[in-house]
Amino acid sequence: MTAYDVIVLAGGAAKRLGGADKPGVRVGGRALLDRVLAACDDAARTVVVGDRRATARPVLWTREVPQGGGPLAALGAGLKLTTAEHVLVLSADLPFLGPGTVDALLAAAGQPGREGALCTDPDGRDQPLVAAYHAEPLRRELALIATEHGSLAGLPLRILTAELELARIDAGPDAAFDCDTWDDIAAARARIREHGAVLDEWITSVKNELGIELDVDTGVLLDLARDAAHGVARPAAPLTTFLVGYAAARASAGAGPDEAAAAVAEASRKATALALGWEAEAAQSAGQGGDAAGGPAGGSKPDAGREGTGTP
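Re the overall build of the protein chain
And then number 1: Along its length, the protein chain carries eleven helices and nine strands.
And then number 2: Its C-alpha radius of gyration of 27 Å places the protein chain more than 25% over the 20 Å reference for a compact globule of 312 residues.
And then number 3: Seen along its three principal axes, the alpha-carbon backbone of the protein chain occupies a region of about 100 × 40 × 35 Å.
And then number 4: Counting only residues that meet the buried cut, the protein chain has 41% of its 312 residues in that class.
And then number 5: Sequence-distant contacts, at least 24 apart, represent 65% of the contacts inside the protein chain between residues at least 6 apart.
And then number 6: Counting every atom, the protein chain has about 17,000 Å² of accessible surface; 54% of that belongs to carbon and sulfur.

Quick look at the structure:
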């Protein structure tokens, strides 16, 4: 795995959002900035260029000079706080950026003769804020540009990228999707709720909200909920999954995420077996009639086991 630092540019004016705090806009229950930070959580150092705010994980903060000086000035400010040989550069409004794209950028940037790599969107346009760069040529070109123009303020990123030997990778329809307008925000929120993505998005948001770092097999839990609902009663589904989580937490207290995930799997296995046993008992009783159910034919009391419950 290539060691890298990351710079996230989060200080724009968001004019097309009416000046809203774009990095803090929530999509799928998480701030846009936190969604970007989650895609690069294995970075050695994370620098965010923008106003300080609460974030899902620790970062270093800085601002461009002058504030509002544009992306090239912001990149220059962030670069001063990095030390790694490779630097990932991202905007703070990428709701669908994932670790796979980060890995692809770093791999492409490491190709012989390349000074970095950037994504291209479905229309073939370069996305210099979804990119990975070698730090040394990045510093060199920024210094030359600042000398030529007097500063980096107000200059477009294309002045920088035109001077670098860059690989280009196809970002696909999602990775380079950025949220410049409220229509973009609405589209991102709608896409997250699509059937194929909504469960993963919801689970990720819940784990983030609760401060849980745990990878579990959601299929196992969904199967357990189904078996509890069918074999026992519908309300048994959420209650059983809660109890499984509680039991797993007790069993793995003080352990790491891997042990906790294993504890969830084991508790789910036991609860699933119990629910299937209840379902089998019910099916057997239905097939054998009143004798198996302990009714009058079996000679037991009609209300056996319910005395003192107040049930008529």
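A few points about the packing of helix α2 (residues 71-79) against helix α4 (residues 135-149)
Packed helix pairs are characterised by how far apart their axes lie and by the angle those axes make with each other.
And then number 1: Across the interface, α2 lies against α4 with an axial gap of 11 Å and an inter-helix angle of 130°. The pairing of α2 with α4 is recorded here as oblique in orientation. Crossing handedness for the pair α2 and α4: left-handed. Only Leu138, Arg139, Leu142 and Ile145 of α4 make contact with α2, whose side of the interface consists of Leu72, Leu75, Gly76 and Leu79.
And then number 2: In terms of residue class, the contact of α2 with α4 is made up of six nonpolar, one polar and one charged.

So, helix α6 (residues 182-192)
And then number 1: Turning to α6, its buried residues number three or more, namely Ile185, Ala188 and Ile192. Each buried residue of α6 sits inside an arc of 65° when the element is viewed along its axis, so together they form one side.

A few points about the packing of aromatic side chains
And then number 1: Applying the stated rule across the entire model yields two aromatic pairs.
And then number 2: With centroids separated by 5.8 Å and ring planes inclined at 55°, the aromatic side chains of Phe96 and Phe177 adopt a geometry described as tilted. Residue Phe96 is found in the loop between β6 (86-91) and α3 (99-109), and its partner Phe177 is found in the loop between β9 (166-170) and α6; the two are separated by 81 residues along the sequence.
And then number 3: According to the relative accessible area criterion, Phe177 is buried, its value standing at 17%.
And then number 4: Ring plane angle 25° and centroid distance 6.5 Å describe the contact between Phe242 and Tyr246, whose orientation is recorded as stacked. With a gap of four residues between them, Phe242 and Tyr246 both fall in helix α9 (residues 236-251), about one helical turn apart.
And then number 5: For Tyr246, a relative accessible area of 49% corresponds to the partly exposed category.
And then number 6: Of note, Arg191 hangs over the ring of Phe177, and the distance from its end group to the ring centre comes to 4.8 Å.

A word on the packing of helix α8 (residues 218-231) against α9
And then number 1: Running from amino to carboxyl end, α8 crosses α9 at an angle of 135°, the nearest separation of the two axes being 8 Å. As summarised for this structure, α8 and α9 are arranged oblique, according to the angle between their axes. Where α8 crosses over α9, the two elements pack in a sense that is right-handed. Along the contact surface, α8 presents Leu221, Leu224, Ala225, Ala228 and Ala229, while α9 presents Ala236, Ala237, Thr240, Thr241 and Val244.
And then number 2: Each residue belonging to the contact of α8 with α9 can be placed in one class, and the counts come to eight nonpolar, two polar and no charged.

Some remarks on the environment of Thr240
And then number 1: Positionally, Thr240 belongs in helix α9.
And then number 2: Sequence-wise, Thr240 and Ala225 are 15 residues apart; in three dimensions their C-alpha atoms are separated by 7.2 Å.
And then number 3: Discounting residues that sit within four places of it in the chain, Thr240 has contacts with Leu224, Ala228 and Ala271.

Overview of unusual backbone geometry
And then number 1: Note the cis peptide between Val65 and Pro66, where omega equals 0°.
And then number 2: Turning to its location among the elements, Pro66 is positioned in the loop between β5 (60-62) and α2.

Some thoughts on the side chain of Lys22
And then number 1: Tracing the backbone through its elements, the reader meets Lys22 in the loop between β1 (4-9) and β2 (26-27).
And then number 2: With relative accessibility at 16%, the residue Lys22 sits in the buried group.
And then number 3: Side chain to side chain, Lys22 and Asp180 meet in a polar contact 3.5 Å long.
And then number 4: Filtering out sequence-adjacent residues up to four positions away, Lys22 remains in contact with Ala14, Leu17, Leu32, Asp93, Cys179 and Asp180.

Some thoughts on the environment of Leu105
And then number 1: Inspection of the secondary structure assignment puts Leu105 in helix α3.
And then number 2: Note on Leu105: relative accessible area 0%, which makes it buried.
And then number 3: Between the C-alpha atom of Leu105 and that of Leu60, which follows or precedes it by 45 residues, the distance is 22 Å.
And then number 4: For Leu105, the contacting residues outside a window of four places in its chain are Leu88, Ala117, Leu118, Cys119, Val130, Ala131, Ala132 and Ile169.

Each value, and the rule that gives it
Residues numbered from 1 in each chain as written. Predicted model: local features only at pLDDT ≥ 70, side-chain atom pairs only at ≥ 80, totals over all residues. Heavy atoms only, no water. Helix = DSSP H or I, 4+ residues; strand = E, 2+ residues; numbered from the N terminus. Rg over C-alpha atoms; globule rule 2.2 N^0.38 Å. Buried < 20%, exposed > 50% of the residue type's maximum accessible area, 1.4 Å probe, protein only. Contact = heavy atoms within 4.5 Å. Areas by Shrake-Rupley, 256 points an atom, 1.4 Å probe, with all protein chains shown as cover. Axes fitted to C-alpha atoms, helices over the stretch in contact; angles between N-to-C directions. Parallel < 35°, antiparallel > 145°, perpendicular 65-115°, else oblique. Left-handed = near helix turned anticlockwise from the far one by under 90°. Nonpolar A, V, L, I, M, F, W, Y, C, P; charged D, E, K, R; others polar. Arc of directions from axis to C-beta. Phe/Tyr/Trp six-rings, centres within 6.5 Å; stacked < 30°, edge-to-face > 60°. Lys NZ or Arg CZ within 6 Å of the ring centre and 35° of its normal. Polar contact = N/O pair within 3.5 Å; in protein donor to acceptor, adjacent residues only side chain to side chain.

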